[in-house]
Amino acid sequence: MEKADITFRTRKWIRPEDLNANGTLFGGSLLKWIDEEAAIYAILQLGNGRAVTKYISEINFVSSAVQGDLVEMGLTAVRFGRTSLTMRAEVRNMITRESILTIEEIVFVNLGRDGRPEPHGYTEITYERDRIPTHHLTRALQED
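An account of the accompanying structure is given in this report. (Residues numbered from 1 in each chain as written. Predicted model: local features only at pLDDT ≥ 70, side-chain atom pairs only at ≥ 80, totals over all residues. Heavy atoms only, no water.)

### Details of the overall build of the chain
Phase 1 of the analysis: Assigned secondary structure in the chain consists of 2 helices and 6 strands.
Phase 2 of the analysis: In sequence order, the secondary structure elements of the chain are arranged as β-α-β-β-β-β-β-α.
Phase 3 of the analysis: Considering only intrachain contacts with a sequence separation of at least 6, the fraction spanning at least 24 residues in the chain is 69%.
Phase 4 of the analysis: In the structure as shown, the chain presents an accessible area of about 8,400 Å², 49% of it carried by carbon and sulfur atoms. (Helix = DSSP H or I, 4+ residues; strand = E, 2+ residues; numbered from the N terminus. Contact = heavy atoms within 4.5 Å. Areas by Shrake-Rupley, 256 points an atom, 1.4 Å probe, with all protein chains shown as cover.)

### Describing the environment of arginine 82
Phase 1 of the analysis: Here arginine 82 lies in the loop between strand E4 (70-80) and strand E5 (84-93).
Phase 2 of the analysis: Along the sequence, arginine 82 and asparagine 110 sit 28 residues apart, while their C-alpha atoms lie 9.0 Å from each other.
Phase 3 of the analysis: Not counting chain neighbours up to four residues away, the residues in contact with arginine 82 comprise Glu118, Pro119 and His120.

### A word on the environment of glutamate 105
Phase 1 of the analysis: Counting through the fold element by element, glutamate 105 comes out in strand E6 (residues 99-110).
Phase 2 of the analysis: Taking the C-alpha atoms as reference points, glutamate 105 and serine 57, 48 residues apart in sequence, are found 5.2 Å from one another.
Phase 3 of the analysis: Dropping the residues within four chain positions of it, glutamate 105 is found in contact with Tyr55, Ile56, Ser57, Arg79, Thr86 and Met87.
Phase 4 of the analysis: In this structure the side chain of glutamate 105 is engaged in a polar contact, spanning 2.6 Å, whose partner is the side chain of arginine 79. (Polar contact = N/O pair within 3.5 Å; in protein donor to acceptor, adjacent residues only side chain to side chain.)

### Considerations on unusual backbone geometry
Phase 1 of the analysis: The phi torsion at arginine 97 lies on the positive side, around 70°, for a residue other than glycine.
Phase 2 of the analysis: When you line up the elements, arginine 97 lands in the loop between E5 and E6.

### With respect to helix H1 (residues 27-46)
Phase 1 of the analysis: Taking 1.5 Å per residue as the helical rise, H1 with its 20 residues ought to reach 28 Å, and the 28 Å between its terminal C-alpha atoms agrees with that figure.
Phase 2 of the analysis: Taken together, the buried positions of H1 are Ser29, Leu30, Trp33, Ile34, Glu37, Ala38, Ala39, Tyr41, Ala42, Leu44, Gln45 and Leu46.
Phase 3 of the analysis: Following H1 by one or two positions, glycine 47 has its phi on the positive side, about 65°. (Expected span 1.5 Å × (residues − 1). Buried < 20%, exposed > 50% of the residue type's maximum accessible area, 1.4 Å probe, protein only.)

Below is the structure:
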């Protein structure tokens, strides 16, 4: 993934609670961070707080990180489906400059009030502004 391809980026500082028994970054922590960042990106692109993870393809761990390292997570929107958004992810260690992992496909589905897939109506990624949901998700769920 080229630096220019990354359309959403966040960074994490590896802390003791993020480590596995080998003293390196626990993969489960990293996957949680990726899923959370992908969810935020999907919600902002689809303008709907009811976007959920549908599919995560093969995950290729190629290196790791240790306590004190800084990691950078990047997402690239690959395509819109009728009810979905597909992204690609890469995580890099900012200290060693090595790629930690890549995920070729993360698919999020836009859900309607009934919890079923619903067309979102978008065909292009927005860079000018985020599509902030117009409702507060917690209140909307309580009203259902």
